[in-house]
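# Observations on the model geometry
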Amino acid sequence: MRFMITMIMSLIAFSSFSLAAQQSEITSVRCWTSPTNIRVVVDLTTEVSYEVKESLSPSEILITIKNTRSTNQDLLANNAAIKQISVFQKDTNMSCVKIGLVKKTTFNVFLLKKYLSKPDRLVIDINIPDVKKALSVSQKEIELIKKRSKIVVIDAGHGGEDPGAIGPTGLQEKDVVLNIARNLANYFNQRHDVKAFLTRDGDYFIPLGERIKLCKHYDGDIFISIHANASPKEHVRGSSVYVLSTEGADNKAAQLVAQRENMADLIGGIAKIENNVVASILVDLSQTQAINESLGLAKGTLDSMVSFCHTYSLGIGRAGFAVLKSIDVPSILVETAFISNSEEEKLLATDEFQESMSKAIYAATLKYLEIPSSIVSLVSPKGYKYHVVKKGETLWSISAFYDKSPDEIKGLNADIPPSDAVFVGQELIIP
Ligand SMILES: [Zn+2]
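Residues numbered from 1 in each chain as written. Predicted model: local features only at pLDDT ≥ 70, side-chain atom pairs only at ≥ 80, totals over all residues.

## Brief notes about the overall build of the protein chain
Regarding its fold elements, the protein chain presents 11 helices and 19 strands. Taking all 431 residues of the protein chain together, 43% fall into the buried category. A separation threshold of at least 6 residues defines the contact pool for the protein chain, and within that pool the share at least 24 residues apart is 73%. (Helix = DSSP H or I, 4+ residues; strand = E, 2+ residues; numbered from the N terminus. Buried ≥ 20, exposed ≤ 12 C-beta atoms within 10 Å, placed from the backbone. Contact = placed C-beta atoms within 7 Å.)

## Considerations on the sheet that holds strand β14 (residues 222-229)
Taken together, the six strands give an open sheet; going across it, the order is β13-β12-β14-β17-β15-β16, and neighbouring strands pair in mixed fashion. This sheet does not close on itself; its edge strands, each paired only once, are β13 (194-198) and β16 (313-319). Neighbour-to-neighbour, the strand axes of the sheet open up by a mean angle of 25°, direction not taken into account. Alignment of strand β12 (residues 150-156) against β14, held across five bridges, turns out to be parallel. Each bridged residue has a counterpart across the sheet, and for V153 the counterpart in β14 is F223. Set on the sheet, helix α3 (residues 173-189) makes contact with β12, β13, β14 and β17 (331-338); between it and β13 the angle comes to about 155°. (Pairing = 2+ DSSP bridges. Axes fitted to C-alpha atoms, helices over the stretch in contact; angles between N-to-C directions.)

## Some details on the pairing of β14
β14 sits mainly inside the fold: eight of its eight residues count as buried. Burial along β14 is two-sided: I222, I224, I226 and A228 facing one way and F223, S225, H227 and N229 facing the other are all buried. By the bridge criterion, six bridges tie β14 to β17 in an arrangement that is parallel. The residue bridging F223 from the neighbouring strand is S331, located in β17.

## Some words on the sheet that holds strand β5 (residues 60-66)
Taken together, the five strands give an open sheet; going across it, the order is β4-β5-β9-β8-β7, and neighbouring strands pair in antiparallel fashion. Pairing within the sheet leaves two strands with one partner each, and these edge strands are β4 (50-55) and β7 (73-76). Ignoring which end each strand starts from, the neighbouring axes of this sheet average 15° apart. Two strands pair when backbone bridges link them, and β5 and strand β9 (residues 94-101) are joined in this way by seven bridges, in the antiparallel orientation. Paired with I61 across the bridge in β9 is I99.

## Remarks on helix α5 (residues 252-262)
Restricting attention to buried positions, one finds in α5 the residues A253, A254, V257, A258, E261 and N262. Angular distribution of buried residues about the axis of α5 spans 160°; they occupy a single face of the element. Taken together, the buried residues of α5 touch β14, β15 (239-244), α6 (264-269), β16 and β17. (Arc of directions from axis to C-beta.)

## Comments concerning the confidence of the model for the protein chain
Averaged over all residues, the pLDDT of the protein chain is 85; the fraction at 70 or higher stands at 87%. Within the model, pLDDT remains below 50 along residues 274-282, and this stretch shows 17 contacts once partners closer than five positions in the same chain are excluded. (pLDDT = per-residue confidence, 0-100.)

## Section: unusual backbone geometry
In this structure, P58 follows S57 across a cis peptide bond, with omega equal to 0°. Tracing the sequence through the fold places P58 in the loop between β4 and β5. Notably, L116 is not glycine yet its phi reads approximately 50°, a positive angle. Position of L116 among the secondary structure elements: in the loop between β10 (107-112) and β11 (120-127). In this structure, H158 takes a positive phi of about 65° despite not being glycine. Here H158 shows up in the loop between β12 and α3.

## Regarding helix α9 (residues 351-368)
With 18 residues, α9 extends 26 Å from end C-alpha to end C-alpha; this agrees with the ideal 26 Å at 1.5 Å per step. Looking one or two places after α9, you find E370, whose phi comes out positive at around 55°. (Expected span 1.5 Å × (residues − 1).)

## A closer look at the environment of S136
With respect to the secondary-structure elements, S136 resides in the loop between α1 (132-135) and α2 (139-148). Sequence-wise, S136 and Y218 are 82 residues apart; in three dimensions their C-alpha atoms are separated by 9.8 Å.

## Overview of the packing of α3 against α9
Contact geometry of α3 with α9 gives a least axis separation of 8 Å together with a crossing angle of 50°. One way to sum up the angle between α3 and α9 is to call them oblique. For the pair α3 and α9, the crossing hand works out as right-handed. Counting all contacts with α3, which are made through V176, N179, I180, N183, L184, Y187 and F188, the residues of α9 involved are Q354, E355, M357, S358, I361 and Y362. (Parallel < 35°, antiparallel > 145°, perpendicular 65-115°, else oblique. Left-handed = near helix turned anticlockwise from the far one by under 90°.)

Right under this line is the structure:
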């Protein structure tokens, strides 16, 4: 079921055609399968207008795209909702996309504007008939699980149309983080006292708001979103863990990471961006407690990642991550390593590193939940301590107290600004 068909159609250059400049052109058609729907994406060279018609016998969706040209092509889709996709030129000024359905079902058609490397797109989301109920876990089942287990919701970032960050050799964030998320879920699901659910278990796109809804549906006690970081500076490397901030980002790096991760809906595509969580980010007051608890989980997870994976710690950051909004349980966003750094890209591609990363997050989560396990004792062998900044303390006085240099402490705490200012209540990792 979970496969992707990529169907690229060749571009035809009509250089002598006088309307070419104004006309749009269909350059490729892709198809993504999720457990509940099939997404067909039509790439176009400019914005278009279109009309949709549905026929019942045979069951078909016909989309007429105005002022557009294409090459005629039949594409076999062979999946749970679609028999065939045909693209053809109706007349010199009009192209059609005809989708033959397995049976009548609901669907949604919308346009996505050109965004970064993505061209203008026409998206057709087709719901797989009769499948939704069979796949979802009922409220009753969740209540039963909840009686004996803690529930961890694991979110592999990006997917489908949205590849996430891409490494120098082409490794895609969405693939790496799905492997880490699946390993992690497997570790938890071998236990009786913890049950893990994945927000996605395949290569398809899920809007950020939908990921939050899934966490609520599964009644998660903890939410972990897994990512790989990227920077225009090739030498930048290391691991970091982020929590939601109520007052914007605490530093420039955190702000940039949040901006990049929040772009997912624009790249992956949702029909109405104004309904998107990114558009109206409001933090509920009830989340303040959850954010404080998230900090503890974040610090434990970062320690564990450094111990298990030997990555460099870039510290804990806080920013307005859309995927962490409205979640009132401890929730973190893990930036495993930099896929833009060629050495870390190599690591991220290996099974060993992916497994170590999953084990690190697994051990830290068990420790946070105070669940005894032999793997927990492996966390933090370096014996880091935590220090909560009190009134009147400075970075210098704290460094002197622990007999460390300010730079040693700054090395583990990316949230200390260049001015060295620390604030009352700030939790610092002490080497
Ligand atoms: Zn990401």
